[in-house]
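# Architecture and fold: a report
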Amino acid sequence: MPLQFADRLNNVETSAIRELFKLLGKPGIISFAGGFPDSAMFDVDGIREASNAALSQDPGAALQYGATEGFGPLREQLAHFMGQKGAQDVAADQLIVTTGSQQALDLIGKTMISPGDKVIVEGPTFLATIQCFRLYGAELISAPVDGQGVKTDELEKLIAEHQPKFVYLIPTFGNPSGALLSAERRKQVLEMAVKHQTLIVEDDPYGDLYFGEAPPPSLLAMSASVPGSRELLVHCGSLSKVLSPGLRVGWMIAPAELLARATMCKQFSDAHTSTFAQATAAQYLLAGRMPATLNKVRVVYAQRAQTMGDALRRELGDAVEFVQPQGGLFVWARLTGAGGKVNDGNAFAKRAIDNGVAFVPGTPFFCANPDHATFRLSFATVGEDKILEGVSRLAKALD
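Described in the following lines is the structure provided in the data block.

The rules behind these values
Chains are numbered independently. Their residues run from 1 in the order of the written sequence. This being a predicted model, a pLDDT of at least 70 is required before a residue's local features are given, and a value of 80 or more before pairs of side-chain atoms are given or counted; all residues contribute to the totals for chains, interfaces and linings. Neither water nor hydrogens contribute to the side-chain values; these are computed over all heavy atoms in the structure. Burial classification: accessible surface area is computed with a 1.4 Å probe over protein chains only, and a residue below 20% of its type maximum counts as buried, one above 50% as exposed, and the rest as partly exposed. Strands here mean DSSP runs of E at least two residues long; helices mean DSSP runs of H or I at least four residues long; both are numbered from the N terminus. Pairing between two strands is assigned when DSSP locates at least 2 bridges connecting them. Charge counting treats Lys and Arg as positive and Asp and Glu as negative, with His and both chain ends excluded. The salt bridge definition used is simple: a Lys or Arg side-chain nitrogen within 4 Å of an Asp or Glu carboxyl oxygen. The term polar contact refers here to a pair of N or O atoms within 3.5 Å; inside protein, the definition further demands a hydrogen-donor-capable atom paired with an acceptor-capable atom, and it admits residues adjacent in sequence only when both atoms are side-chain atoms. For this analysis, residues touch if any pair of their heavy atoms sits within 4.5 Å. Whenever a helix is involved, its axis is fitted only over the stretch in contact; in every case the axis is a line through C-alpha atoms, and angles between N-to-C directions fall within 0 to 180 degrees. To estimate how far a helix should extend, the number of its residues minus one is multiplied by 1.5 Å.

### As for the pairing of strand 14 (residues 374-378)
Across the five residues that make up strand 14, a large majority, five, are buried. The side-chain alternation of strand 14 yields two buried faces, one formed by T374, R376 and S378 and the other by F375 and L377. As paired elements, strand 11 (residues 330-335) and strand 14 share five bridges and run antiparallel to each other. Bridge assignment links A333 to a residue of strand 14, and that residue is F375. Two strands pair when backbone bridges link them, and strand 13 (residues 360-361) and strand 14 are joined in this way by two bridges, in the antiparallel orientation. Each bridged residue has a counterpart across the sheet, and for P361 the counterpart in strand 14 is F375.

Structure follows, in structure tokens:
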């Protein structure tokens, strides 16, 4: 007898990015496809010292079961970490530790979405978010984005029309758009949350990866200036892009009622995030190594982003348009079709693979009305020489 799977699986498909990785076994291929940090940037010595400290100072706690809400010392360190970034009033008991920020999004889906509920996301947005929210039966509404992030005038119209369960945004160097929501628009988002009594979910895995000038404060940090907005805000953070994805340490700050229900649902799925990973992260933050690590990473990624941007302008010319990223891991580009060159990202991706370079076409990042001319390039894991060679191959694939 064939297995009868849950109906909810009918709403999702295998990740287009995961499928693309199956094509990357070709020798010599240069990949701009992944959304990973560069493993060469990991502070291995610092993490080793932190793990040793966790095992020497309180091995029983580091190796034992722990509280679902998270390891107490890490929650304290994360509250302090958020305070250093402008969210001064975050207490340890106002956050839970999650197994990566991906789990935070899943917990939001479990606790907030009933089949048929409307949820507004950016167009484009994080692919896994689209899949996760659809798994729980959400009807996703796409809000348009430009170089300054979500278009708040359009967003407010969509909120008024659809009265969504919540709005999901990546305000700072979003994946895939790389867009940076301006300070003015951030305040507008908080004001419309209060006006329409709509929950806002802020996903912030990339906010510390800025090049040069720091970005505007997070929605969480700005909420103190907009009365009533903090009670309508969920903030998801992660150490994956700035320290190590392998630790699988993220966190969620949310209203107490939502946090309690998310904790209950987390009990059902994994009991708690790895206590050893949490204890290691706590010791790392306590040691004060994060600022130096971030400074190093920012310099390297900034140079790679600049190298990629310059090469794209030089090699592809007016056949492509993009906003030079100010942080994060990605260049979000659009084919113009100038000079009769290819203007479909999916077709371009296939040509690129044939020319020894890979990227992700933009179509899967839209929940509706996809712009097929778009594509995402990641510069984080590729050295400058390979960036130059890879962009040269992209130029050949255009012809």
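From this point, things continue past the structure.
### Details of the side chain of D204
Within the secondary structure, D204 sits in the loop between strand 7 (199-203) and helix 9 (219-222). Although D204 is buried, it makes no salt bridge; K85 carries the closest opposite charge, 4.6 Å away. Within the local environment of D204, its side chain forms a polar contact with the backbone nitrogen of G207, the two atoms lying 3.2 Å apart. Setting aside anything within four residues of it in sequence, one finds D204 in contact with T172, H235, C236 and G237.

### Let's talk about the environment of F365
With respect to the helices, strands and loops of the structure, F365 is situated in the loop between strand 13 and strand 14. Assessed through its relative accessible area of 1%, F365 is described here as buried. Expressed as a C-alpha distance, the spacing of F365 and N175, which sit 190 residues apart in the sequence, is 8.9 Å.

### Considerations on the sheet that holds strand 3 (residues 118-123)
Overall, mixed pairing links the eight strands, which are arranged 2-9-8-7-6-3-4-5 in an open sheet. Sheet topology places strand 2 (95-99) and strand 5 (149-150) at the edges, where each strand pairs with a single neighbour. In terms of strand pairing, strand 8 (residues 233-238) meets strand 9 (residues 249-253) through four bridges, oriented antiparallel. By the bridge assignment, S238 is partnered in strand 9 with G250. Packed on one face of the sheet, helix 5 (residues 100-112) meets strand 2, strand 6 (166-169), strand 7, strand 8 and strand 9 and runs near 110 degrees to strand 2.

### Regarding helix 14 (residues 384-398)
The end-to-end C-alpha distance of helix 14, which contains 15 residues, comes to 21 Å, matching closely the 21 Å that a straight helix rising 1.5 Å per residue would cover. Inspection of helix 14 places I387, G390, V391, S392, R393, L394, A395, A397 and L398 among the buried residues, and these make up the whole buried set. Summarising the contacts, the buried residues of helix 14 are in contact with strand 1 (30-31), helix 12 (290-316), strand 11, helix 13 (345-354), strand 12 (357-358) and strand 14.

### Describing the sheet that holds strand 10 (residues 320-322)
Strand order across the open sheet formed by four strands is 10-11-14-13, with antiparallel pairing between neighbours. The sheet is open, and its two borders are formed by strand 10 and strand 13, each paired with just one other strand. Sitting on the sheet, helix 12 is in contact with strand 10, strand 11 and strand 14, with an inclination near 155 degrees to strand 10.

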